[in-house]
Amino acid sequence: MRTLTDERLLAEYSRDAGILTIQPRAVMVAEEEGDLLQVIQRANRDLVPITPRGSGTSIPSQSVGGGYVVVQTRKDVRITGTEFFCTPAVIKADLNLTLGHANLWMPVDPSSYRACTIGGMVSNNSSGARTLKYGSTIDYVKELTVVLPEEGKRVVKALPLDEALHGDSSTRKVASLVADNWRSILREKPKTTKNSSGYRLERLIHDGLFDLPKLFVGSEGTLGLISRLTCRAREKAPLRSLLVVSIDSLKDLEFVVEELRASKPSAVELLDKSIFLKAKRGELLKQFQGSEKGYLVYVEIEGRDEAELRGVLEQVAENEKLAKFDPFLLREAGEMSKAWETRDLALTIAGEVRSGNRHPVPGIEDLVVPPGKLRDLLAFLETTFADLGLEFISYGHAGDANLHVRPLLDLSDGRDKQLLSEIMSSCFEEVWKMGGSITGEHGDGLLRAGYVKEQYPETYELMVQIKDIYDPKWLMNPGVKLQRP
Ligand SMILES: Cc1cc2nc3c(=O)[nH]c(=O)nc-3n(C[C@H](O)[C@H](O)[C@H](O)COP(=O)(O)OP(=O)(O)OC[C@H]3O[C@@H](n4cnc5c(N)ncnc54)[C@H](O)[C@@H]3O)c2cc1C
């Protein structure tokens, strides 16, 4: 293991893709699993917190911390049947290539898939455009090896619930807490198709099993260090086409989404064209027909073979209500991948948008509501920002009603800083009224940890008790997700 304390390097690791800067005491580079035990022992001895880190692309500040930032370097992928075993440092794009050689695929591709690690995806319960049809990372994780602050290395896998209730000390305590509070857990589950807030307790019991790995998925490094993982993959990716619909106003979005629902699209994505124009990157819109005004809706259609794909496309072509939006179809692999690249660039390009000293900031960048409530959320946001006289950008996963919204603010100005916290409170309040969640895929981080208690008024204390069982000294990413009572 290498311990790095060079000032330039510490400055680099004091930032992720969020707005907080926190300089670590040291960066620990773990080359093998045994190094993680050393980090844990050192942290326990010196009472220094640990922040696990993959590529540091997290947005609400969960891969920065003031203690030891731990990066793993070993990159290993092995495939057995339709499952793959891998180390957390593997980059998702590289995993895709390896799986592709075996005619397999793991459908969750965050827009950051060229940079982010599978360890970061598991820890944030990341999602991608195809989550609409194929689910989030949590749906693919089968088994984990973790290094815990008190117990050291452990393999975590699903067990019969009865066995878990009589198992080792920590498993028994967690299983009992979850089983005893099962009704509250289900009652508080957001009515959304995706969620990365709090611990995903409602996924822990199913089919008579206690599925402990699901507790670690989305736990944002607050319980232990993941050193290996086993995930399910899918066989043979289907054939695809991309339908691009141009809408002038967000009012039309839900109508278009509803009309296309019957075609069971694998992705329905929203792209605000003004992001590209404001960032002076309008050339990227030239690949699409129509004006530069309004929004693009990407609808990905799949078929197991040509005949099935053609059938679905014919069904879409016959829809007269959609015809007025002049949808156009991309079928060539090259033009589809160019369109997806443009979609994946949305956040990076949005980062270049400026209005005086103001620029798009995260905080409410990952709101998610039940799919039928998308129109209400959009109306609320438009009124809120019009009343405040603030510009904002929005894009995201329309099919899952998961919107990436960023107001333009100058956080070096105290008034704008205060405004961000007021915007977060009022938007989260609205999202809760709709049965939604403050984060669909990015996680709570340090930025949203203060709101998780209101997200889960009944079960927040239960989450704190679970954290206490695995990490009684709160060494693992303290302040992320949960706040110490
Ligand atoms: C341009 C851009 C686009 C994005 N698009 C998407 C998107 O489409 N969908 C989406 O879901 N997210 C998206 N994100 C957010 C982010 O990229 C994902 O959450 C990603 O999976 C994080 O991976 P990472 O390797 O960067 O992890 P990091 O940011 O380094 O870490 C993420 C979390 O995991 C923990 N962690 C990392 N490794 C371990 C480990 N071995 N053991 C325990 N905990 C660990 C960290 O402590 C932290 O809490 C985007 C971000 C950017 C900047």
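Nothing here was measured: the structure is a model prediction, and the numbers come from that model.

K.L.:
Help me understand the packing of aromatic side chains in this model?
P.N.:
Per the counting criterion, the structure on display carries 9 aromatic pairs. Arranged with centres 6.0 Å apart and planes meeting at 55°, the rings of F288 and Y298 form a pair that is tilted. Taken as a pair, F288 in the loop between α11 (273-278) and β17 (295-303) and Y298 in strand β17 lie far apart in primary sequence, 10 residues in all. Both residues of the pair, F288 and Y298, belong to the buried class. With centroids separated by 4.9 Å and ring planes inclined at 80°, the aromatic side chains of F428 and Y451 adopt a geometry described as edge-to-face. Taken as a pair, F428 in helix α17 (residues 414-433) and Y451 in the loop between α17 and α18 (452-455) lie far apart in primary sequence, 23 residues in all. For the residue pair F428 and Y451, the accessibility class agrees, reading buried in each case. Grouping aromatic residues by their ring pairs yields a cluster made of F288, Y298, F328 and W340. In this structure, R42 is placed above the aromatic ring of Y68, and the distance from its NZ or CZ to the ring centre is 5.4 Å.

K.L.:
Any chance you could explain the nonpolar core here in plain terms?
P.N.:
Taken as a class, soluble globular proteins show a tendency for nonpolar side chains to be buried jointly. The biggest cluster of nonpolar side chains holds 102 residues, and the ones touching the most others in it are F210, L215 and F216. Once you skip the residues sitting within four places of it in the chain, F210 turns out to touch K157, A158, L159, P160, L161, A164, T171, V174, A175, V178, L204 and I205. Membership of the second largest hydrophobic core comes to 25 residues, among which are A129, F276, L330 and I349.

K.L.:
What am I meant to see in the layout of surface pockets here?
P.N.:
Of the pockets and cavities examined, the second largest pocket occupies roughly 660 Å³. What lines the second largest pocket is a set of 24 residues, among which D109, Y113, R130, R240 and W340 lie closest to the centre. For the lining of the second largest pocket, the secondary structure elements donating two or more residues are α3 (92-101), β7 (104-105) and α14 (333-344). The biggest single contributor to the lining of the second largest pocket is α14, with 7 residues. Residue classes in the lining of the second largest pocket are distributed as 9 nonpolar, 6 polar and 9 charged. For the lining of the second largest pocket, the two domains that each supply at least three residues are domain 2 (78-235) and domain 3 (239-350).

K.L.:
When you look at the state of the cysteines in this model, what are you seeing that I'm missing?
P.N.:
Joining two cysteines, a disulfide is a covalent bond between their sulfur atoms. Summed over the entire model, instances satisfying the criterion amount to 0 disulfides. Just so you know, C116 is unpaired, no disulfide at all, and the nearest cysteine sulfur is the one on C86, 12 Å from it. Using a relative accessible area of 7% as the deciding quantity, one classes C116 as buried. You can see C231 has no disulfide; the closest cysteine sulfur is in C86, sitting 6.4 Å from it.

K.L.:
Please clarify how the side chain of E269 should be interpreted in this entry.
P.N.:
Secondary-structure assignment places E269 in strand β16 (residues 267-272). Note on E269: relative accessible area 1%, which makes it buried. Here H397 takes part through its side chain, which lies 2.7 Å from a polar atom of the side chain of E269. When neighbours within four sequence positions are excluded, E269 is seen to be in contact with A129, L296, V297, Y298, W340, R343, G396, H397 and A398.

K.L.:
Which parts of the structure should I look at to understand the site of the ligand?
P.N.:
Residues in contact with the ligand amount to 35 residues; listed here are only the nearest, P52, T57, S58, S112 and T117. Here an oxygen atom of the ligand sits 2.6 Å away from a polar atom, N or O, in the side chain of S112. In the model, an oxygen atom of the ligand is placed 2.8 Å from a nitrogen or oxygen of the S126 side chain. Starting from 990 Å² of accessible surface for the ligand in isolation, the protein chains cover 95%. Of all the secondary structure elements, the ones that give two or more residues to the shell around the ligand are β3 (50-53), α4 (118-124), β13 (225-232) and α15 (346-350). With 5 residues, the top contributor of residues to the shell around the ligand is α4. When the residues that make up the shell around the ligand are grouped by side-chain class, the tally is 10 nonpolar, 22 polar and 3 charged.

K.L.:
Sorry, what's going on with the pattern of salt bridges here?
P.N.:
A full pass over the atoms with the stated rule returns 37 salt bridges. One salt bridge in this structure joins R45 and D46, with 2.8 Å as the shortest N-O distance. Residue R45 is classed as exposed on the basis of its relative accessible area of 61%. Measuring nitrogen to oxygen at the nearest pair gives 2.9 Å for the salt bridge that ties E220 to K481. Here K481 lies in the segment after α19 (460-470) and E220 lies in the loop between α9 (213-216) and β13, a separation of 261 residues in the sequence. It is possible to trace a salt-bridge network through shared partners that takes in R130, K133, R240, E300 and E302.

Procedures and definitions
Residues numbered from 1 in each chain as written. Predicted model: local features only at pLDDT ≥ 70, side-chain atom pairs only at ≥ 80, totals over all residues. Heavy atoms only, no water. Phe/Tyr/Trp six-rings, centres within 6.5 Å; stacked < 30°, edge-to-face > 60°. Helix = DSSP H or I, 4+ residues; strand = E, 2+ residues; numbered from the N terminus. Buried < 20%, exposed > 50% of the residue type's maximum accessible area, 1.4 Å probe, protein only. Lys NZ or Arg CZ within 6 Å of the ring centre and 35° of its normal. Core = buried A, V, L, I, M, F, W, Y, C linked by side-chain atoms within 4.5 Å. Contact = heavy atoms within 4.5 Å. 1 Å grid on protein atoms, 1.4 Å probe; cavity = no way out; pocket = protein on both sides within 12 Å on 5 of 7 lines; lining within 4 Å. Points joined across faces, edges and corners; volume = space filled by probe spheres on them. Nonpolar A, V, L, I, M, F, W, Y, C, P; charged D, E, K, R; others polar. Domains from an automatic or database assignment. Disulfide = S-S within 2.5 Å. Polar contact = N/O pair within 3.5 Å; in protein donor to acceptor, adjacent residues only side chain to side chain. Near = heavy atom within 4 Å. Areas by Shrake-Rupley, 256 points an atom, 1.4 Å probe, with all protein chains shown as cover. Salt bridge = Lys/Arg side-chain N within 4 Å of Asp/Glu carboxyl O.

Treat this as a map of the structure, not an account of what it does.
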